[in-house]
Amino acid sequence: MKTGRRRRHRRRTARTLCLLLALGLPLGCGGRADEDLVIAVPPGRIADLEDYFAGPFEAATGARLIPVGLRSADQAARVRVERGNPSLDVLWIDAGEAALLAREGLLETPFDPETSREGELRVPNAAWADPDAWFSQRALPATFSSAIGFLYNTEHFASPPASWAALEDPALEGRLALFGFGSTLGPLTVAALARIDTADETDADAGFRRLGRLRNNVLVYGTSGPANNQLVAQGEAWLTLGLPSQARHLATEGAPVGWAAPAEGAIALPQGIQIVTGTRRPELARAFADYMFSSEAQQTAARELQLVPSRSETEIPPGLPPSETLMRLDMVTLGDLRPSWATRFRREMIP
């Protein structure tokens, strides 16, 4: 965000400047931390961080958020390389990669083993997260989830595609933009197809068998969501997997696109804030994580970014599927399976 935009944002949010004090956090209104908090963020989320969350937090704490654009897989690789001397304090990361890092001891655990109160959370507002958001006991719960549904070209669909079975429609020959295993959506597609067929998302045979039935329809196995979305916006592809926020953004620019949740459920892609083990700013990192679990930040994520919040009392805006309708997959197990599935994908699906 440009300096002027950030200043205007801070003025608009002046009424929330005491938010962190209200949450009982150690850094409060009027105080200055005079610290930088380095946050790894997926490149497409940097503007979201700056536009909607940085202003209130920085004004309340005096800290400065420094975003570093990294995809989740690249965040995980960097944290591993920098074990014991991290340059990143906080991660905005997908749950699959977070679960693997947590298992390796590279994320701060949610509970403080030194506390005199058994089970005390280091990030108190995480206690408000739904049970489904706790994908690992070694990591903070997901802050929110992306809803992966159908982003489609409205000029080529008389009505929104209603089911995952729509991907097999012969009319889509050469018009389906899917994802390879360079994207998290590659293995999630296989897992979702397996779940639909056998109720077991780890059934690789079922998932790849159904993926094979789509082969004639596939235009590309992409690695970039925005690139696939542009193919749909331009009419070169008619359907891809995407987010409601992406469809809304393209539609506001005049593109003939819409978004729909399939009847079996849009895929939940849990993600959110994790604290890197060994950060030199643990209190500030916990304060930011706590802010992101606050009711205000959760409502902002739902309303402005169309992310499904982890706090169930949050109002769900129109067009965003409620949490209970999402298809929730075992991200930890799928993370373990991803390397072998990637080998199979290259062998069976790539010409």
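In this numbering scheme, every chain counts its residues from 1 along its sequence in written order. For a predicted model such as this one, the threshold for reporting local features is a pLDDT of at least 70, and the threshold for listing and counting side-chain atom pairs is 80 or more; totals across whole chains, interfaces and linings nevertheless cover every residue. As a rule here, side-chain values cover all heavy atoms of the structure and leave hydrogens and water aside.

Draft legend 1. Examining helix α6 (residues 185-198) more closely. Here a helix means four or more residues in a row that DSSP labels H or I, a strand means two or more in a row labelled E, and each is numbered from the N terminus. One less than the residue count of a helix, multiplied by 1.5 Å, gives the span that helix is expected to have. The terminal C-alpha atoms of α6 lie 20 Å apart, and with 14 residues this matches the ideal 20 Å at 1.5 Å per residue to within 8%. With a 1.4 Å probe rolled over the protein chains alone, any residue whose accessible area is under 20% of its type maximum counts as buried; one over 50% counts as exposed, and the rest are partly exposed. The buried count for α6 comes to 10 of 14 residues, which makes it a mostly enclosed element. Turning to α6, its buried residues are L185, G186, P187, L188, T189, V190, A191, A192, L193 and A194. Residues of α6 that are buried make contact with β4 (144-153), β5 (176-179), α7 (204-212), β7 (239-242), β9 (267-275) and α12 (331-348). Immediately downstream of α6, the backbone of A199 shows phi near 65°, a positive value. Only heavy atoms matter for contacts: two residues are in contact if any of them lie within 4.5 Å across the pair.

Draft legend 2. Seen up close, α12. Where α12 bends most, the angle comes to about 50°, and this point is R338, followed within four residues by the proline P339. For α12, the set of buried residues is M331, L334, W341, A342, R344 and F345. Looking at the buried residues of α12, the elements they touch are α5 (95-103), β5, α6, α7, β6 (218-222) and β9. Between the side-chain oxygen of the N-cap and the backbone nitrogen of V332 there are 3.3 Å, and the N-cap of α12 in question is D330. By definition, a residue's bend is the angle between the axes fitted to the seven residues ending there and the seven starting there. As used in this structure description, the phrase polar contact means that two N or O atoms lie within 3.5 Å; if the pair is within protein, one of them must be able to donate a hydrogen and the other to accept it, and residues adjacent in sequence are counted only when both atoms belong to side chains.

Draft legend 3. Up close: empty space enclosed by the protein. A 1.4 Å probe that fits but cannot get out identifies a cavity on a 1 Å grid over protein atoms alone, an open set with protein on both sides within 12 Å along at least five of seven lines counts as a pocket, and a residue lines either if it has an atom within 4 Å of a point. Grid points are joined across faces, edges and corners, and a volume is the space filled by probe spheres set on the points. On inspection of all chains with the given rule, the structure shows one cavity of 30 Å³ or more. Lining the largest cavity, in full, are D130, D132, A133, A142, T143, F144, S145, V308, P309, S310, S323 and R328. We call Asp, Glu, Lys and Arg charged. Ala, Val, Leu, Ile, Met, Phe, Trp, Tyr, Cys and Pro are nonpolar, and the rest, Gly among them, are polar. Each residue belonging to the lining of the largest cavity can be placed in one class, and the counts come to five nonpolar, four polar and three charged.

Draft legend 4. The pairing of strand β8 (residues 257-260), seen in detail. Of the two faces of β8, the one holding V257 and W259 and the one holding G258 and A260 are both buried throughout. As defined by bridge partners, β4 adjoins β8 across four bridges and the pair is classed as antiparallel. Looking across to β8, one finds that N153 is bridged to V257. Should DSSP find at least two bridges between two strands, the strands are taken to pair.

Draft legend 5. Representation of the layout of surface pockets within the structure. There is about 1,200 Å³ of room inside the largest pocket. With six residues, the single largest contributor to the lining of the largest pocket is helix α9 (residues 244-252). Of the residues contributing to the lining of the largest pocket, the split by class is 16 nonpolar, 17 polar and nine charged.

Draft legend 6. Spotlight on the packing of aromatic side chains. Whether two aromatic rings pair depends on their centres lying within 6.5 Å, for rings of Phe, Tyr and Trp, where Trp uses its six-membered ring; planes under 30 degrees apart make the pair stacked, over 60 edge-to-face, and the rest tilted. Counted by the stated rule, this structure contains 11 aromatic pairs. Ring centres of F208 and W341 lie 6.2 Å apart, and the angle between their planes is 80°; this geometry places the pair in the edge-to-face category. Taken together, the residues span a long stretch of sequence, with F208 in helix α7 and W341 in helix α12 at a distance of 133 residues. When its relative accessible area of 3% is taken as the criterion, F208 is described as buried.

Draft legend 7. Seen up close, the nonpolar core. Nonpolar cores are built from buried Ala, Val, Leu, Ile, Met, Phe, Trp, Tyr and Cys residues. Side-chain atoms within 4.5 Å join them into one set. Ranked by internal contacts, the top residues of the largest apolar core, which has 51 residues, are F53, L91 and F288. When residues of this core are traced back to their parent elements, those giving at least two are β1 (36-41), α3 (46-61), α4 (72-81), β3 (90-94), α5, β9, α10 (282-292) and α11 (295-305). The greatest single-element share of this core, amounting to seven residues, is contributed by α10. Grouped together as the second largest cluster of nonpolar side chains are 38 residues, A260, I267, L329 and M349 included.

Draft legend 8. Focus on the packing of α3 against α11. Where α3 contacts α11, the two axes come as close as 11 Å, and the packing angle between them is 130°. Viewed along their axes, α3 and α11 adopt a mutual orientation that is oblique. For the element pair α3 and α11, the recorded crossing hand is right-handed. On the side of α3, the interface is formed by D48, Y52 and F53, while α11 contributes A297, T300, A301, E304 and L305. Classifying every residue of the contact of α3 with α11 gives five nonpolar, one polar and two charged. Where helices are involved, their axes are fitted lines through C-alpha atoms of the stretch in contact, as for all axes, and angles between N-to-C directions lie from 0 to 180°. In these notes the angle categories are as follows: under 35 degrees is roughly parallel, over 145 is roughly antiparallel, 65 to 115 is roughly perpendicular, and the rest is oblique. Crossing handedness follows the turn of the near helix against the far one: under a right angle anticlockwise gives a left-handed crossing, and clockwise gives a right-handed one.

Draft legend 9. Looking closely at the pattern of salt bridges. What counts as a salt bridge is simple: a side-chain nitrogen of Lys or Arg found within 4 Å of a carboxyl oxygen of Asp or Glu. For the structure shown, the criterion picks out 21 salt bridges. Among the salt bridges present, the one from E108 reaches R286, with a minimum N-O distance of 2.8 Å. With E108 in the loop between α5 and β4 and R286 in helix α10, the pair connects residues that are 178 residues apart, well separated along the chain. E108 gets classed as buried once you look at its relative accessible area, which sits at 13%. A relative accessible area of 18% places R286 in the buried class. With its nearest N and O atoms 3.6 Å apart, the salt bridge here joins E348 to R347. A network of salt bridges, in which partner residues are shared, links E108, R122, E283 and R286.

Draft legend 10. A look at the packing of α6 against α7. In the contact formed by α6 and α7, the axes pass within 7 Å of each other and the chain directions differ by 105°. One finds that α6 runs roughly perpendicular with respect to α7. Between α6, through T189, V190, L193, A194, I196, D197 and T198, and α7, the contact on the second element is made entirely by A206, G207, F208, R210 and L211. Residues that form the contact of α6 with α7 fall into these classes: seven nonpolar, three polar and two charged.

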